[in-house]
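Summary of structural features
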Number of protein chains: 2
Amino acid sequence: MSLLVTGSIGIDGVTSPHGQAEEVLGGSSVYFSFSATQFVPVRFVGAVGEDFPPAFRDLLASRDIDLAGLEVRKGSKTFRWTGRYVGDMAQAETLTLDLNVLGEAPPKVPAEFTDSEVVFLANTHPALQRAMLAQVKAPRLSVCDTIDHWIANERTELVETLKAVDGVFINDAEVRQLTGTTNLVTAGKEILELGPRFIVVKKGEHGVLLVTRDGVTAVPAYPHEHVKDPTGAGDSFAGGMLGYLAAEGSFDTAALRRALVRGTVTASFAIEDFSLRRMVDVTRAEIDARVAELLDMLRID
Amino acid sequence: MSLLVTGSIGIDGVTSPHGQAEEVLGGSSVYFSFSATQFVPVRFVGAVGEDFPPAFRDLLASRDIDLAGLEVRKGSKTFRWTGRYVGDMAQAETLTLDLNVLGEAPPKVPAEFTDSEVVFLANTHPALQRAMLAQVKAPRLSVCDTIDHWIANERTELVETLKAVDGVFINDAEVRQLTGTTNLVTAGKEILELGPRFIVVKKGEHGVLLVTRDGVTAVPAYPHEHVKDPTGAGDSFAGGMLGYLAAEGSFDTAALRRALVRGTVTASFAIEDFSLRRMVDVTRAEIDARVAELLDMLRID
């Protein structure tokens, strides 16, 4: 099935206990796409400024990513973020944030992308997420991500977006913030009542919870010794999960459960190095081997 | 195989967002024993004061627990603890702590228990843990728990104890404190180098990591909606795990992995109500049904 992503494209700077990277490619839709293209081609919608380095565009073009929806805006600047991780790297501390082109009018979904079947709306203003979704004629599966900022400041808009999508990615602190419920399973079920078919609660190094009307699946993160930069882990997870689902063409709970493991694995590679450095060279065979390893780990008598 | 536990027996008071309980039975060896007796009889070694309520002794005696090692000391008082959980209940806040009999000479392992094959040394001073272990002639499997206090204040003694045991239960914060290493897998491997065959890193609602020389197994916690009182979760986990292993009579990595799931399940019942209230009536059939549910959850294509 065709897979469309819309989200940020950024120029990042990251410092972690394992080193630093400056002026590197980042952004939610970029991390998503590098994972998803392990399974299916990606249709990419986003905007950058005229400062967007040609080398970054070449890097995107080197993957199975259709850049027909990449707008390069004259007179605009690309979104920039710098952040720092310390200690257990559970949370990024944002050092600088320049919205730039992300503060302008949103990009347009090209006509040839409007028949997309699977749609991922990476984090942005929830009203904008709905506006993007409305440009796709008849999505079979639509999924959004969100962050604490919209829960705190645009709750009404966010609830409207949650009603409009099939699935939601949200982290453990955010699901508690949104619902006021501390138990994550109960909180996930409360969000289901708004409309979505599934919720993926992201818990970083502790893995994910999938909550559907059929029940709950907890999958631990890949037990990793070599994490250099957690930036993009959530979007890499979403890319692996939705890329796998688009390749499978089925979205029942069994398929969602299988997809969790694929997302876990693509995220585990993304965090092994700064920016997309590891994702550039990871092979499908390496992904499949780690999927098999994780499935074996989980298969207990 | 015979299973011996030595640890605290307490009179607890607990407040959580779901209610409170006063003057209830608690203590590490008690929680351990209520879980372990789902699988094998338990040999119990510990001391209480003359204030220990007969009803509590009756409760212990009603399980398959051999109380030959329970010393009731004239003129002494039973260990007491009160604590409070707030929010996500991830951590107890201790309100009052009266060591009482735990500050006196340790209990003695009765002669008829000295042939015990599996030994659990619940948390106490690490030198005392070794002294207790030394009273058992030829344990086939010895496992200790510990806490941050001994890591901070009795590191040398603790390292000696870690050299003497086959397995260690320790939480995520403590494993980082002990090793100075933030990555939990790497930190677990560093502890293995001291001598133990396995480390179980307890992560509360996020489950556990088993680290052995064969590799790492991550098992999520049972995704629970009804947690009233997390007190004793770690000891209930240990009881289910070691009770299962003693019943199996084998301690290879495959057995350890199976045992993780049993510990996860006994702990999941222990936290459903205050003190031992749920453990008093949980049946082996309920345990087995939840084990099957958890194994199914983890079995993904």
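The structure presented is a predicted model; accordingly, all values stated were derived computationally and were not measured.

Some thoughts on the overall build of chain A
Secondary structure assignment for chain A yields 11 helices and 13 strands. Since a compact globule built from 301 residues should have a radius of gyration of about 19 Å, the 18 Å found for chain A is in line with a globular shape. Once the C-alpha set of chain A is aligned to its principal axes, its extents read approximately 55 × 40 × 35 Å. The buried share of chain A, taken over its 301 residues, is 56%. A separation threshold of at least 6 residues defines the contact pool for chain A, and within that pool the share at least 24 residues apart is 66%.

A closer look at the sheet that holds strand β12 (residues 208-212) of chain B
Where strands meet in a sheet, backbone hydrogen bonds hold them as pairs that are either parallel or antiparallel. Residue and element names in this part refer to chain B. Pairing in this open sheet of nine strands is mixed, and the strands run β5-β4-β1-β8-β9-β10-β11-β12-β13 from one edge to the other. The open sheet terminates on both sides in strands that have one partner only, identified here as β5 (65-73) and β13 (215-219). Sheet twist, expressed as the mean angle between neighbouring strand axes with direction ignored, is 15°. Lying on the sheet, helix α9 (residues 253-270) is in contact with β11 (198-202), β12 and β13; it crosses β12 at an angle near 165°.

A closer look at the relation of the copies chain B and chain A
Superposition of chain B onto chain A requires a rotation of 180° combined with a translation of 0.0 Å along the rotation axis, giving an RMSD of 0.0 Å. Here the symmetry operator amounts to a two-fold rotation axis. A symmetric contact is evident, with 100% of the interface residues of chain B recurring at the interface of chain A.

Overview of helix α1 (residues 28-36) of chain A
When you tally the buried positions in α1(A), you get nine out of nine residues, the bulk of the element. Along α1(A), the residues that are buried comprise A:S28, A:S29, A:V30, A:Y31, A:F32, A:S33, A:F34, A:S35 and A:A36.

Notes on the nonpolar core
A:L242 and B:L242 are the most contacted members of the largest nonpolar core, which has 186 residues in total. Those residues in contact with B:L242 that lie beyond four places of it in its chain are B:L3, B:A36, B:V118, B:F120 and B:V143.

Examining unusual backbone geometry
All names here are of chain A. Here the phi dihedral of E23 falls at roughly 55°; this positive angle occurs in a residue that is not glycine. In this fold, E23 is placed in strand β3 (residues 19-26). Look at E23 and you get exposed, because 12 C-beta atoms sit within 10 Å. Although it is not a glycine, N100 adopts a positive phi angle of roughly 50°. With respect to the element layout, N100 can be found in the loop between β7 (93-98) and β8 (118-121).

A word on the interface of chain B and chain A
In this assembly, 28 residues from chain B lie in contact with 28 residues from chain A. Going through the elements one at a time, α7 (184-192), β13, α9 and α11 (284-298) of chain B are the ones with two or more residues in the side of chain B that touches chain A. Top contributing element to the side of chain B that touches chain A by residue count: β13(B), with four residues. Looking at side-chain class alone, the side of chain B that touches chain A contains 13 nonpolar, eight polar and seven charged residues.

Some words on the pairing of strand β11 (residues 198-202) of chain A
As a general feature of sheets, a regular strand has side chains that alternate between the two faces. Residues and elements named next belong to chain A. In terms of residue burial, β11 counts as a mostly covered element, since five of its five residues are buried. Every second residue of β11 is oriented toward a common face, with F198, V200 and K202 on one face and I199 and V201 on the other, all of them buried. With five bridges joining them, strand β10 (residues 167-171) and β11 adopt parallel strand pairing. When the bridges of β11 are listed, I170 appears paired with V201. Two elements, β11 and strand β12 (residues 208-212), share five bridges in a ladder whose sense is antiparallel.

Digging into the pairing of β3(A)
Residues and elements named next belong to chain A. Pairing between strand β2 (residues 10-16) and β3: six bridges, direction antiparallel. The residue of β3 that forms the bridge with G10 is G26. Two successive antiparallel strands, β2 and β3, enclose a turn made up of two residues.

A short note on the packing of helix α3 (residues 126-134) of chain A against helix α5 (residues 155-164) of chain A
All names here are of chain A. The contact between α3 and α5 brings their axes to 8 Å, and the two run at 30°. With respect to each other, α3 and α5 are oriented roughly parallel. In terms of crossing hand, the pair formed by α3 and α5 is left-handed. Contact residues: α3 offers P126, A127, Q129, R130 and L133, while α5 offers E157, L158, E160, T161 and A164.

Some words on the environment of B:V261
Along the chain, B:V261 turns up in helix α9. A sequence separation of 39 residues divides B:V261 from B:Y222, and the C-alpha atoms of the two residues are 9.1 Å apart.

Re the confidence of the model for chain A
This prediction gives chain A a mean pLDDT of 96; 100% of its residues lie at or above 70. Per the prediction output, this complex has pTM 0.94; the corresponding ipTM is 0.91.

Examining the sheet that holds β7(A)
All names here are of chain A. On the basis of which strands lie adjacent, the open sheet formed by four strands has the order β3-β2-β6-β7 and mixed pairing. Each end of this open sheet is capped by a strand with a single partner; those strands are β3 and β7. Strand-to-strand, the axes of this sheet are offset by a mean angle of 10°, without reference to chain direction. Note: strand β6 (residues 79-84) against β7, five bridges, orientation antiparallel.

Some remarks on the packing of helix α8 (residues 233-248) of chain B against α9(B)
All names here are of chain B. Running from N to C, α8 and α9 point in directions that differ by 140°, and their axes come no closer than 7 Å. Taken together, the axis directions place α8 and α9 in an arrangement best described as oblique. The handedness of the crossing between α8 and α9 comes out as right-handed. Residues A233, S236, F237, A238, G239, G240, M241, Y244, L245 and E248 of α8 form the contact with α9, whose participating residues are A255, A259, L260, R262, G263, T264, V265, T266, A267 and A270. Considered class by class, the residues forming the contact of α8 with α9 number 12 nonpolar, six polar and two charged.

Conventions we followed
Residues numbered from 1 in each chain as written. Chains lettered and ligands numbered in written order. Predicted model: local features only at pLDDT ≥ 70, side-chain atom pairs only at ≥ 80, totals over all residues. Helix = DSSP H or I, 4+ residues; strand = E, 2+ residues; numbered from the N terminus. Rg over C-alpha atoms; globule rule 2.2 N^0.38 Å. Buried ≥ 20, exposed ≤ 12 C-beta atoms within 10 Å, placed from the backbone. Contact = placed C-beta atoms within 7 Å. Pairing = 2+ DSSP bridges. Axes fitted to C-alpha atoms, helices over the stretch in contact; angles between N-to-C directions. Least-squares fit on C-alpha atoms with pLDDT ≥ 70 in both. Core = buried A, V, L, I, M, F, W, Y, C linked by C-beta atoms within 7 Å. Nonpolar A, V, L, I, M, F, W, Y, C, P; charged D, E, K, R; others polar. Parallel < 35°, antiparallel > 145°, perpendicular 65-115°, else oblique. Left-handed = near helix turned anticlockwise from the far one by under 90°. pLDDT = per-residue confidence, 0-100.

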